[in-house]
Amino acid sequence: MIDNGKLDFAILEGNFNKNNYSYHSMQKERFICVANANNRLTQLHEVNISQLLNQTLILREKGSGTRCILYNWLKSLNLSFNDFNKLISFNEPTGIIELVKNDVGISFMYESLASKELANGNLREINLTGLDIFRTMNLVYSRNNYFSKYFNQLFQS
């Protein structure tokens, strides 16, 4: 959409061709597993992925970046979404948070997305062995973008 002028910029967590675009790294995001605060797995000091498989997995819709990250991580462990007890696909992150808060299942997301609910105790992180995933969020725009000088000023501050 940047290429055809429908977007002036995008905030991306995924891969893009850095030779074709201007960009600024904004922040690093930690990818975590979350559950309702009363889920027994949140009480454990360390959890193995096999302990999660009897849970309902709530994840983003096909094509989403977070779903792809989880898919690739599970694949590296010789697992798939189908190895979980149940699977719910949802297209909106706040809806996923509500489902997890209501103890429908567990989910994987960026820590900042869940920060409010983690802070108020509605959600807790599951300390999952081997889940050490960080992604950089980038502001990406075309090299000849009208707003380039403003983006550069913003990130020089």
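Residues numbered from 1 in each chain as written. Predicted model: local features only at pLDDT ≥ 70, side-chain atom pairs only at ≥ 80, totals over all residues. Heavy atoms only, no water.

**Digging into the pattern of salt bridges**
In the structure shown here, the tally under the stated rule is 5 salt bridges. The salt bridge involving R30 is made with E111; its shortest N-O contact spans 3.2 Å. Separated by 81 residues along the polypeptide, R30 in strand β2 (residues 21-36) and E111 in helix α3 (residues 111-119) bring together distant segments of the chain. A relative accessible area of 24% means that R30 is categorised as partly exposed. Here K101 ties to E98 by a salt bridge, and the two come within 3.1 Å at their closest N and O atoms. Here K101 pairs with E98, and both are found in helix α2 (residues 93-101), just 3 residues apart, close to one helical turn. One salt-bridge network, held together by shared partners, links R30, E111 and E125. (Salt bridge = Lys/Arg side-chain N within 4 Å of Asp/Glu carboxyl O. Helix = DSSP H or I, 4+ residues; strand = E, 2+ residues; numbered from the N terminus. Buried < 20%, exposed > 50% of the residue type's maximum accessible area, 1.4 Å probe, protein only.)

**A few points about the pairing of strand β3 (residues 56-60)**
Summarising burial for β3: 4 of the 5 residues are buried, a large majority. Of the pairings in the sheet, the one linking β3 to strand β4 (residues 86-90) comprises 5 bridges and is parallel in character. Residue pairing across strands places L59 opposite S89, the latter belonging to β4. This β-α-β element, β3 to helix α1 (residues 65-76) to β4, shows right-handed connectivity. As defined by bridge partners, β3 adjoins strand β5 (residues 106-110) across 2 bridges and the pair is classed as parallel. Looking across to β5, one finds that L57 is bridged to I106. (Pairing = 2+ DSSP bridges. Right-handed = clockwise from strand over helix to strand, strands pointing away.)

**Quick notes on the confidence of the model for the chain**
Do not read the fine detail of predicted coordinates wherever pLDDT is low. Per-residue pLDDT for the chain averages 92, and the proportion of residues at 70 or more is 99%. The spread of mean pLDDT over the elements of the chain runs between helix α4 (residues 148-156), the lowest at 84, and strand β6 (residues 123-126), the highest at 97. (pLDDT = per-residue confidence, 0-100.)

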